[in-house]
Amino acid sequence: MDKDQVLGHVLRLLDDVLSLNGRAQTFTRDTALLGALPELDSMAVVSLITALEEQLGLAVDDDDIDGDTFATVGSLADFVAARLA
Amino acid sequence: MTPHPVVFFLPASGGEQRLCLFHAPAPEFQDRPRSKLLYLHPFAEEMNKSRRMAALACRALAEAGHAVLQIDLRGCGDSSADFGDASWADWQADVRLGLAELDNRVPDAPLWLWGLRAGALLAAADWGRPVNYLLWQPMTSGKLALQQFLRLKLAAEMASGASKGLMDQLKGELAAGRAVEIAGYLLGPALASGLEAARLAPAGAPGRVEWLELSTREDATLTPVSEQTIKNWMDAGWAVRSQVAQGPSFWSTSEIELAPTLIARTVEALS
């Protein structure tokens with residue numbers, strides 16, 4: 001999976017889990033997530049992680065659940081890409 | 001028109017009660033329901049998020065000639081006790097209570113235990129009688145279910161940077177017999193340990209399993225974990241049919257969402 005594909009997956013998961021109705025498709029790598037997107041509450045964060053584990057098959061460590069990982073679309077996509085590599 | 005469900009409190013041990021909703025089958029099936037189902041709701045907040053979907057599915061199944069009983073487990077919804085006081089054994093007792101009530105109302109019909117998410121983990125046990133399973137996005141491992149629930153606390157503390165090492169701390173509290181507070185729910189050690197030990201494994205005399213998952217993708221397939229679990233059930237002699245319907249993960253989405261396709265496929269699967 002290349003970087004664009006990973007970004008595409010991340011945006012689709014964000015849109016699904018947060019019920020954004022397509023709004024995620026307007027996001028860029030710089031779009032702020034944690035603290036900026038009201039839909040991203042703790043349940044949504046855990047749902048996102050679960051979706052990443054189940055649908056992309058990556059293993060998330062408990063210590064990865066960190067503010068830096070979920071800061072922006074770009075930081076989340078990089079996190080996913082690093083674990084898929 | 002299917003009438004509204006009958007809402008009542010079922011007496012439970014210790015002078016407690018459990019809220020139940022009974023959906024009678026459509027009039028033409030009143031004498032001969034196609035089946036009877038006991039619905040077991042998912043864990044904590046997922047129960048609230050899925051309330052509307054469960055109600056719609058119950059109604060659709062009743063219209064199609066099935067009898068459905070919903071029970072709020074101990075400490076959940078409008079049943080007695082606080083969530084923090086509930087144990088896994090309490091919930092197993094509630095399943096037996098629900099089964100007895102369903103037998104009273106519908107003596108003769110094939111029995112299905114219908115579990116959503118962690119409800120499937122509660123359903124999968126040897127109940128000493130023939131049981132079929134209707135599984136909606138079943139969780140296959142209680143250990144993982146507990147981990148996902150505890151992660152809610154990590155996610156909540158993430159912004160403040162206090163999430164590191166928190167998982168070990170939470171597990172330590174539970175192991176020491178103390179309750180932990182997660183996302184507004186007090187989780188008692190007896191519920192945590194029971195959930196952690198639960199596995200979606202075949203038990204009792206083999207019957208039918210209808211396994212339904214949801215995905216927003218059109219070309220979705222079952223996850224590898226689901227595939228493996230289904231294989232285990234088939235090896236144990238169960239007749240398993242699985243499918244993936246298209247729709248949102250309504251038990252966890254930010255807004256209350258519906259998956260009508262899942263309901264339609266469920267009615268079809270049980271017809």
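Provided above is the structure to which this section pertains.
Being a predicted model, the structure only gives us computed values, none of them experimental.

Draft legend 1. Spotlight on the overall build of chain A. Broken down by element type, chain A carries three helices and zero strands. For chain A, the succession of helices and strands along the chain, N to C, is α-α-α. On C-alpha atoms alone, chain A measures out to a radius of gyration of 11 Å, which is about the 12 Å that the 2.2 N^0.38 rule sets for 85 residues. A principal-axis box enclosing the C-alpha atoms of chain A has dimensions of 30 × 25 × 20 Å. Long-range contacts, defined here as pairs at least 24 residues apart, represent 56% of the contacts in chain A between residues at least 6 apart. Counting only carbon and sulfur atoms, one obtains 48% of the accessible surface of chain A, whose full area is about 3800 Å².

Draft legend 2. Seen up close, helix α5 (residues 142-157) of chain B. Along its 16 residues, α5 of chain B runs 23 Å from first to last C-alpha, staying within 8% of the 22 Å computed at 1.5 Å per residue. Among all positions in α5 of chain B, only G142, A145, L146, Q147, Q148, F149, L150, R151, L152, L154 and A155 of chain B are buried. In this structure, the buried residues of α5 of chain B make contact with α2 (42-56) of chain A together with α4 (118-123), α6 (166-175), β7 (180-182), β8 (185-187) and α7 (189-197) of chain B. Two to three positions downstream of the cap, the backbone nitrogen of K143 of chain B sits 3.3 Å from a side-chain oxygen, assigning the N-cap of α5 of chain B to S141 of chain B.

Draft legend 3. The sheet that holds strand β6 (residues 132-136) of chain B, seen in detail. Residues and elements named next belong to chain B. Taken in spatial order, the eight strands line up as β1-β2-β4-β3-β5-β6-β9-β10 in an open sheet, and their pairing is mixed. For this open sheet the edge positions go to β1 (6-12) and β10 (239-246), each flanked by a neighbour on one side alone. Between one strand axis and the next, the sheet turns through 20° on average, direction left out of account. When strand β3 (residues 35-40) meets strand β5 (residues 111-116), the two strands line up parallel, connected through five bridges. Residue Y39 lies in a different strand from β5, and its bridge partner there is W114. Across the face of the sheet, helix α2 (residues 51-63) comes into contact with β2 (16-23), β3, β4 (66-71), β5 and β6 while running at roughly 155° to β4.

Draft legend 4. Focus on the nonpolar core. Core analysis: the largest hydrophobic core is formed by 96 residues, its most contacted members being L14 of chain A together with F43, W91, L113, Y133 and L187 of chain B. Counting residues per element, this core draws most heavily on α2 of chain A, at nine residues. Beyond its immediate chain neighbours, meaning those up to four positions away, F43 of chain B contacts F83, W91, A118, F149, L187, L191 and L195 of chain B. Of all hydrophobic cores here, the second largest spans 24 residues; its members include L61, W112, L214 and L270 of chain B.

Draft legend 5. Here's a closer look at the environment of R29 of chain A. Residues and elements named next belong to chain A. Tracing the sequence through the fold places R29 in the loop between α1 (3-17) and α2. Among the residues examined, R29 registers a relative accessible area of 36% and is labelled partly exposed. Here R29 is in contact with L7, T72, V73, G74, A77 and D78, once residues within four sequence places are set aside. Among the polar contacts made by the side chain of R29, one reaches the side chain of D78 at a distance of 3.0 Å.

Draft legend 6. Highlighting the interface of chain B and chain A. Tallying the contact residues gives 26 residues for chain B and 26 residues for chain A. Summing both partners gives a buried area of about 2100 Å² for chain B against chain A, and 53% of it is carried by carbon and sulfur. For the interface between chain B and chain A, the tally reads two salt bridges. In this structure, D62 of chain A engages R151 of chain B in a salt bridge whose closest nitrogen and oxygen atoms are separated by 2.9 Å. One can count nine residue pairs in polar contact (both at pLDDT 80 or more) joining chain B with chain A. Sorting the residues of the side of chain B that touches chain A by element identifies α1 (45-49) and α5 of chain B as the ones contributing at least two each.

Rules used throughout
Along each chain, the written sequence defines residue order, and numbers are assigned to residues from 1. All chains are assigned letters beginning at A, and all ligands numbers beginning at 1, according to the order in which they are written. Local features are withheld for residues below a pLDDT of 70 in this predicted model, meaning they are given only at 70 or higher, and side-chain atom pairs are given and counted only at 80 or more; totals for whole chains, interfaces and linings count all residues. Side-chain metrics rest on all non-hydrogen atoms present in the structure, leaving aside hydrogens and water. Helix and strand assignments follow DSSP, with helices taken as H or I runs no shorter than four residues and strands as E runs no shorter than two, numbered in order from the N terminus. The atom set for the radius of gyration is the C-alpha atoms, and the globule formula is 2.2 Å times the number of residues raised to the power 0.38. What makes two residues a contact is simply this: any of their non-hydrogen atoms within 4.5 Å. A 1.4 Å probe and the Shrake-Rupley method give the accessible areas. Residues count as covered only by the protein chains that appear here. Helix span is expected to be 1.5 Å times the residue number reduced by one. Classification of residues uses two cut-offs on accessible area relative to the type maximum, computed with a 1.4 Å probe and protein chains only: under 20% is buried, over 50% is exposed, and between them is partly exposed. Contacts described as polar in this section are N or O atom pairs within 3.5 Å, which, within protein, must combine one atom able to donate a hydrogen with one able to accept it, while residues neighboring in sequence count only if both atoms come from side chains. Here the rule is simple: two strands pair whenever DSSP picks up at least two bridges between them. Whenever a helix is involved, its axis is fitted only over the stretch in contact; in every case the axis is a line through C-alpha atoms, and angles between N-to-C directions fall within 0 to 180 degrees. We call a set of buried Ala, Val, Leu, Ile, Met, Phe, Trp, Tyr and Cys residues a nonpolar core when their side-chain atoms join them within 4.5 Å. Buried area is understood as the total, over both parts, of accessible area removed when two parts are fitted together, assessed with a 1.4 Å probe. Counted as salt bridges are all cases of a side-chain nitrogen of Lys or Arg within 4 Å of a carboxyl oxygen of Asp or Glu.

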